[in-house]
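# Breakdown of the fold
Here is how the chains run, residue by residue.
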Amino acid sequence: MRALTWHGKHDVRMETVPDPRILNPRDAIIEVTSTAICGSDLHLYDGVIAGMQAGDILGHEFMGRVVETGRDSPLEKGARVVVPFTISCGHCYFCGRGQFAACDNSNPVEEQEASERLYGQALSGLFGYSHLTGGYPGGQAEYVRVPFSDVGPIVIPEGLEDEQVLFLSDILPTGWMAALNAGIEPGDTVAVWGCGPVGLFAVQSALLLGAGRVIAIDSYPRRLDLARGLGADVLDHVQTDVYEALMEMTGGIGPDAVIDAVGMESHGFGLGAFVETARQKTGLGTDRGHALRQAIRACRKGGRLSAPGVYGGMLDRFPIGALMQKGLQLRTGQTHVQQYMADLLRRIEEGEIDTTFLISHRLPLEAAPEGYANFRARPNDWTKVVLKPGMG
Amino acid sequence: MPDRSRTPPWKALAGLTLIGGLFLAQRELSRLRRRRAFPDDGPARARAGLVLDRPAAGASVRVNAPAEGLMAFWRDPANLPLLAGTPSVVTSQADGSFVWDLGPGGGPRLHLRRVEETAEGAGDSLAWESVPGSETTAEARLAFRPAPGGRGTIVSAEVRRPPGRAAAAEAELRRALRRFRMLAETGEIALAKAAPPLAPPDPPAWPKGGFASDAGDAPRPEPRAEAETNPLRPRRGDDPCAP
């Protein structure tokens, strides 16, 4: 089959690789009909996530039709499914609590020790996202093997287009969980750093959950326009001092909740941001935290910080004093996708949520390397790339 | 004429080494005194600093299931290959002992027998030891304790191997227990790529509802039928690829 493989920083290639096959009783094989490039794929593309190996198949947002099932898979051949990017067994302590992204049994034993050394406990398995999370082949391919197919994939009713439901695999539930983690109460003012796909869905979700005002922060006009289209006020951090603006807009109190949808490659303009970028690019540091620091500083006393943005390692100058002294609550983590899929699918079916507004480009799977290069280099225009195997 | 007022570098280095050594020795002595005066509840394997009487290699895992079925699994010698992590063969002998052949590259053959423990708490543990004449020696013990709050069972393994194998044994044990947890909780061992099967055994009966011991309030996937949730479902000769 054809698949997009990782070979190093800014080096991804379409290659012919062996077809996947059933390895365990609960597996299924999916023929991919649509897949997408995620903002977090760019962290892999930029080489800032540990544990990648040459030849790894990328992609964790995908959907398709079931073409093969293991003995214990309940899926029927031909069923159309969206697959969560988190691989979860459904029976461990964590899955039993709905913490599917913390599953204890989906990361192969041989791969667990690296993340255990880094983080204290082994991470769960994810599709196409480094060997820290299992080294599972991803979905930017013609076919994917899906372990625990009785827990993850959700069957999509006919009548819904791929693009209406594809983002159930990651970014829609990630934006939704980010808003839930912000503990939004009716009338709250919520500030969202980053108007990439997750940030935009966080804006949409915050408004759905009753926020009185959402303030979206980015520097790309098209992305800010999309946020404005959802009903947010917008701040361009190039032309406006974000902290001063937020204080002014909230009467000196600060936002009730702040959401960092930027993560480890945030931009800043001061000397500290320059040093942090240099350290990351030379391998002397791992994460850049400009947006996170700004969010903590701006958040009101007793407010809530939700951080769906991806961080991988260590962060210097983390404002633990502000976090403690202001009594902020912090919630973060990979998304427990399976917990939210059914509810979000219902909201899509009922027309409450539209997910297609952020798609800027549709490309054949074979053009995936071009999609990555442009998504990285032209973020103003390339807001979301959907890849279609077999597209002419 | 040489300048005798300057200290030669080797003397300075020796002095620093001596000071460092004394500091470390004083710290270890202080730890030892503290341990004697006020022994805490930490497991012996987790002792900090220099430990001369380090116990056998060991590891623990919490399994979301009651102890009864977990112990039944390990009473069957055919399940021992799960500990090795590589395909291997266990052959039962007429006297109740069994020979574990780790295969090419796996080391010498191990001739083991189950030991009936009589000490307090033995009812919650299983033990094995090598018999005289075995090509190598080993002692192993698995203990099963209920986790606090009814959250499954803490399974602890201890293995004594010949000197030089202890570090490897600990890492192997940790992996083995995690494979066991996967099999017990999910019925399969997670794989990201094809790997030789570990010869999953014919299963003993599995306790019904073994997985429900600590289910929270969060939404869960639709429960599977009992037959499907049997963690020992993979049977020798079964083809997981068969629909």
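Computed from a predicted model, the values in this text were never measured in an experiment. Think of each chain on its own: its residues are numbered from 1, step by step along the sequence as written. In the order they appear in the text, chains get letters beginning with A and ligands get numbers beginning with 1. Reporting of local features is limited, given that this is a predicted model, to residues whose pLDDT is at least 70; pairs of side-chain atoms are given and counted only at 80 or more, and all residues count toward the totals for whole chains, interfaces and linings. Derived side-chain values reflect all non-hydrogen atoms in the structure, with water molecules and hydrogen atoms excluded from consideration.

With that settled, the discussion passes to the overall build of chain A. Secondary structure elements follow DSSP: runs of H or I of four or more residues count as helices, runs of E of two or more count as strands, with numbering from the N terminus. Of regular secondary structure, chain A possesses 13 helices and 18 strands. Against the globule reference of 21 Å for 392 residues, chain A gives a C-alpha radius of gyration of 20 Å, in line with a compact fold. Projected onto the principal axes, the alpha-carbon positions of chain A cover approximately 60 × 50 × 45 Å. For chain A, contacts bridging at least 24 residues in sequence account for 72% of all contacts bridging at least 6. Residue burial considers only the protein chains on display, and all accessible areas are found by Shrake-Rupley using a 1.4 Å probe. If you sum the accessible surface of chain A, you get close to 14,300 Å²; carbon and sulfur atoms cover 51% of it. The reference for a compact globule is 2.2 Å times residues^0.38; the radius of gyration itself is calculated from the C-alpha atoms. Any two residues whose heavy atoms approach within 4.5 Å at even a single point are treated as in contact.

Bringing helix α12 (residues 337-349) of chain A into the picture now. All names here are of chain A. In this analysis, the expected span of each helix is defined as 1.5 Å times one less than the number of residues it contains. The first and last C-alpha atoms of α12 sit 18 Å apart over 13 residues, in line with the 18 Å expected at 1.5 Å per residue. At D343, α12 shows its largest bend, some 25 degrees. Three labels apply to residues, based on accessible area from a 1.4 Å probe with only protein chains included: buried if under 20% of the type maximum, exposed if over 50%, partly exposed otherwise in between. Listing the buried residues of α12 in full gives V337, Q338, Y340, M341, L344, L345, R347 and I348. Lining the buried residues of α12 we find β6 (80-83), β7 (86-87), β10 (154-155), α4 (162-165) and α5 (171-181). Working definition for bend: take the seven residues up to and ending at a residue and the seven starting at it, fit an axis to each, and measure the angle between the axes.

Okay, a nonpolar patch on the surface next. Patch membership requires over 30% relative accessible area and the absence of a salt bridge. Like charges are linked within 9 Å, and nonpolar side chains (Val, Leu, Ile, Met, Phe, Trp, Tyr) within 5 Å. Salt bridges are identified by distance alone: a Lys or Arg side-chain nitrogen within 4 Å of an Asp or Glu carboxyl oxygen. Taken together, A:L271, A:F274 and A:V275 make up a surface patch of nonpolar side chains, about 350 Å² in accessible area. Looking at the element boundaries, A:V275 is found in helix α9 (residues 271-281).

Moving on: the pattern of salt bridges. It is possible for side chains of opposite charge to pair when their charged atoms get near one another. All names here are of chain A. Inspection of every chain in the model, using the stated rule, returns 26 salt bridges over all chains. In this structure, the salt-bridge partner of E61 is K384, at a minimum N-O distance of 2.8 Å. Remark: K384 occurs in the loop between α13 (368-377) and β18 (385-388) and E61 occurs in strand β5 (residues 61-69); sequence separation between them is 323 residues. Like E61, the residue K384 is buried in the burial classification. Among the salt bridges present, the one from E350 reaches R346, with a minimum N-O distance of 3.0 Å.

What follows concerns the nonpolar core. Counting residues in hydrophobic clusters, the biggest one holds 75 residues, and the most contacted among them are A:V165, A:F167, A:L168 and A:V190. Ignoring sequence-local partners within four residues, the contact set of A:F167 consists of A:A36, A:E61, A:L172, A:P173, A:F201, A:T355, A:L358, A:I359, A:K384 and A:V386. Side-chain atoms within 4.5 Å are what join buried Ala, Val, Leu, Ile, Met, Phe, Trp, Tyr and Cys residues into a set we call a nonpolar core. A:V109, B:F73, B:A190 and B:A192 belong to the second largest nonpolar core, which has 57 residues in total.

Glancing now at the pairing of strand β13 (residues 233-236) of chain A. All names here are of chain A. We call two strands paired when DSSP finds no fewer than two bridges between them. Across 4 bridges, the pairing between strand β12 (residues 213-218) and β13 is parallel. Following the sheet pairing, A216 is matched in β13 by V234. For the segment spanning β12, helix α7 (residues 221-230) and β13, crossover handedness is right-handed. Whether a crossover is right-handed comes down to one check: with the strands pointing away from the viewer, does the path from the first strand over the helix to the second run clockwise; if it does, it is right-handed.

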